[in-house]
Amino acid sequence: MSGFDARLRLGGDSIREACGVYGVWGHPDAARLTHYGLFALQHRGQESAGIVASDGERIVFHKGMGLVSEVFDDERVATLPGSIAIGHVRYSTSGSSHLDNAQPIVVRYRGGWLALAHNGNLVNALALRARLEDDGSIFQTTVDTEVIAHLIARSRHGAGGELETALPAALNETRGGYALVVMNETTLLAARDPNGFRPLSLGRFPEGGWVVASETCAFDATGAEFVRDVRPGEILAIDRDGLRSVQATLAGKPSLCAFEYIYLARPDSNFEGRNVHAVRKDLGRRLALDHPVEADIVTGVPDSSLSAASGYAERAGIPYEMGFVKNRYIGRTFIQPSTTARAFGVQVKLNPLRKVLEGKRVVLIDDSIVRGTTSRRIVSLLRQAGATEVHLRIASPPYRHPCYYGIDTSFESELIAATRSVEEIREAVGADSLAYLSSEALHETITGLPDWPVAERLCLACFTGKYEVPVDGARGKFELEEGKGGRA
Ligand code: SF4
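Summary of the structure given here. (Residues numbered from 1 in each chain as written. Predicted model: local features only at pLDDT ≥ 70, side-chain atom pairs only at ≥ 80, totals over all residues. Heavy atoms only, no water.)

### Section: the packing of aromatic side chains
Under the criterion given, the structure shown has seven aromatic pairs. Their ring planes at 85° and their centres at 5.8 Å tell us that Tyr261 and Phe271 sit as a pair that is edge-to-face. In this pair, Tyr261 is assigned in helix 9 (residues 258-264) and Phe271 in strand 15 (residues 270-271), connecting sequence segments ten residues apart. Its relative accessible area of 2% is what places Phe271 among the buried residues. For the cation-ring pair, Arg129 lies above Phe139, with the distance from its terminal atom to the ring centre recorded as 4.2 Å. One residue, Arg204, lies across the ring of Trp210, its end atom 4.0 Å from the ring centre. (Phe/Tyr/Trp six-rings, centres within 6.5 Å; stacked < 30°, edge-to-face > 60°. Helix = DSSP H or I, 4+ residues; strand = E, 2+ residues; numbered from the N terminus. Buried < 20%, exposed > 50% of the residue type's maximum accessible area, 1.4 Å probe, protein only. Lys NZ or Arg CZ within 6 Å of the ring centre and 35° of its normal.)

Shown next, in the form of structure tokens:
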């Protein structure tokens, strides 16, 4: 499975993206910058996009289904004036993919207008929602974001429109992973969950104004300078009095999602001071050390496995080659997770380079295996193109447990590594050999470097099954997701 084109490539056999959030305070072109920021975050969600803007008195918004380029053009963005804006790109499961669930959500409550956009998943959303419904709340969407909006509206701190105190009170009732941007007519707030599962960074425009985004690549795209990562459990409030930091009371053990490094984020993003491409290359080098094999060439599955493949080739002393050409112009039709699209997906999206592969013993690097169906197709494509041996090396450990903190993954029963041994998986995908990076090697590679501030700061739950925040309440939610509750 491979990074930021995973849905296009695999049509469902993947860890699908989360969502992306972007927010601006104090820039005259807030909506336009948010538009560009969402382009940079498009890999995190392709199902819907939305922008809300405020000129200090009036909130206006537009959102729709599809890619950022399908929902917005310059004329549309021009209808969103003001110096404050937030934006969102969303990935959802097919059952909850409709306009009602597009974000940011915009509501009016006793404190005035409120707009929220969220990346993550609340593990206690079902319980919170049931309680709110018992108290008479009416929900218009199935996303967790609306639960947070209700909690803000009902907070006794929110009566005077004091969003800065109502938001921490609301978030202290939640459990799970989130990166959240919230705004009213005058204020932008940004919050990260107490464990920091989901990433969120703070930046600044040279000409003035603040920006927050899920990934730092969105700062580069909009000319902003990185200031720092938002801390786990931290809430930032920005208004005409400046930027303030409010640490929520429930800060937990920092547990940044390891999959952001392995696969989710763009290679040009940085988290905790580490560049994603550099981490992936290090993972490839470690893979070569731990799992060497005699071969003629190393290749990777485009796009994000290419970084790990180059690291493997460098350390192993085996030439790195481009084994596939990727068609980058396939539209959203192929994103739909239908069986037909899945059957076509790999062949149309990826074409193996016969001239490179013919007669060669190939090391194929991928970043993970979910159900195994895609790996089987890709190994088969290599053989059809003339590869004499295919040795599959995975730059992460066996992926055995679902994510409950905001990444849309398959159920446990669908994860091939949950029920089969490495040898059984090798046989299923048709490779000559198969090896994974160990959890220890993954952890050491990401955290064991001098510039990493503190060890043990990663979530590895989908590999180890050790969930930092209990997920019992979330299991039922995912089973019911078609009808109720949805991941943002
Ligand atoms: S369970 Fe896996 S995908 Fe989910 S936050 Fe943890 S490392 Fe990331």
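On we go.
### What about the pairing of strand 17 (residues 297-300)?
Both faces of strand 17 are covered, namely the face carrying Ile297 and Thr299 and the face carrying Val298 and Gly300. Relative to strand 20 (residues 361-366), strand 17 is paired through four bridges, and the arrangement is parallel. Of the residues in strand 20, the one forming a bridge with Val298 is Val363. (Pairing = 2+ DSSP bridges.)

### Considerations on the pattern of salt bridges
Opposite charge on two side chains makes pairing possible when the charged atoms of those side chains draw close. On inspection of all chains with the given rule, the structure shows 27 salt bridges. The residue Arg198 makes a salt bridge to Glu260 at a minimum N-O spacing of 3.1 Å. Pair noted here: Arg198 is in the loop between strand 8 (188-192) and strand 9 (201-204) and Glu260 is in helix 9, with a separation of 62 residues, a long-range link. For the pair shown, Arg198 and Glu260 are each scored as buried. Between Arg285 and Asp282 there is a salt bridge; the shortest N-O distance is 2.6 Å. One end of the pair, Arg285, and the other, Asp282, are both in helix 10 (residues 276-290), three residues apart, so they sit about a helical turn from each other. If you follow the salt bridges from partner to partner, you end up with Arg274, Lys281, Asp282, Arg285 and Glu314 in one network. (Salt bridge = Lys/Arg side-chain N within 4 Å of Asp/Glu carboxyl O.)

### Some thoughts on the sheet that holds strand 11 (residues 225-229)
Pairing in this open sheet of seven strands is antiparallel, and the strands run 3-2-4-1-10-9-11 from one edge to the other. Edge positions in the sheet fall to strand 3 (59-65) and strand 11, since each of these pairs with one other strand and no more. Put simply, the sheet's adjacent strands are angled 15° from each other on average, direction ignored. On the sheet, helix 2 (residues 30-40) packs against strand 1 (19-25), strand 2 (48-54) and strand 4 (84-90) and is oriented at approximately 20° with respect to strand 4. (Axes fitted to C-alpha atoms, helices over the stretch in contact; angles between N-to-C directions. Contact = heavy atoms within 4.5 Å.)

### Side note on the nonpolar core
Of all hydrophobic cores here, the largest spans 50 residues; its most connected members are Tyr405 and Leu442. For this core, the secondary-structure elements that each account for two or more residues are strand 14 (256-257), helix 9, helix 10, helix 11 (305-316), strand 20, helix 17 (439-447), strand 23 (458-459) and helix 18 (461-464). Sort the elements by how many residues they give to this core and helix 9 lands first, with six residues. When we break this core down by domain, the ones giving at least three residues each are domain 1 (6-254) and domain 2 (260-467). The residues touching Leu442, leaving out its near neighbours within four places in the chain, are Ala258, Ile262, Leu283, Ala395, Pro397, Leu437, Leu460 and Phe463. Ranked by size, the runner-up nonpolar core spans 27 residues in total, among them Ile148, Leu180, Val182 and Leu189. (Core = buried A, V, L, I, M, F, W, Y, C linked by side-chain atoms within 4.5 Å. Domains from an automatic or database assignment.)

### As for the site of the ligand
Neighbouring residues of the ligand: Arg198, Cys257, Ala258, Phe259, Cys403, Tyr405, Ile407, Cys459, Ala461 and Cys462. For the shell around the ligand, the elements supplying multiple residues, two or more each, are helix 9 and helix 18. Classifying every residue of the shell around the ligand gives nine nonpolar, no polar and one charged. (Near = heavy atom within 4 Å. Nonpolar A, V, L, I, M, F, W, Y, C, P; charged D, E, K, R; others polar.)

### Focus on the side chain of His27
The topology assignment puts His27 in the loop between strand 1 and helix 2. Polar side-chain contacts of His27 include one of 3.0 Å to the backbone nitrogen of Asp29. Contact partners of His27, with chain neighbours within four places excluded, come to Leu33, Gly82, Ser83, Phe205, Glu207 and Gly208. (Polar contact = N/O pair within 3.5 Å; in protein donor to acceptor, adjacent residues only side chain to side chain.)

### Regarding the side chain of Gln46
Mapped onto the secondary structure, Gln46 falls in the loop between helix 2 and strand 2. Relative accessible area serves as the criterion here: at 9%, Gln46 is assigned to the buried category.

### Some points on the sheet that holds strand 17
The four strands lie next to each other as 17-20-21-22, forming an open sheet whose pairing is parallel. Edge positions in the sheet fall to strand 17 and strand 22 (433-436), since each of these pairs with one other strand and no more. The average undirected angle you get between the axes of adjacent strands in this sheet is 20°. Its contacts with the sheet place helix 11 against strand 17, strand 20 and strand 21 (389-394), and it is angled at close to 160° to strand 17.

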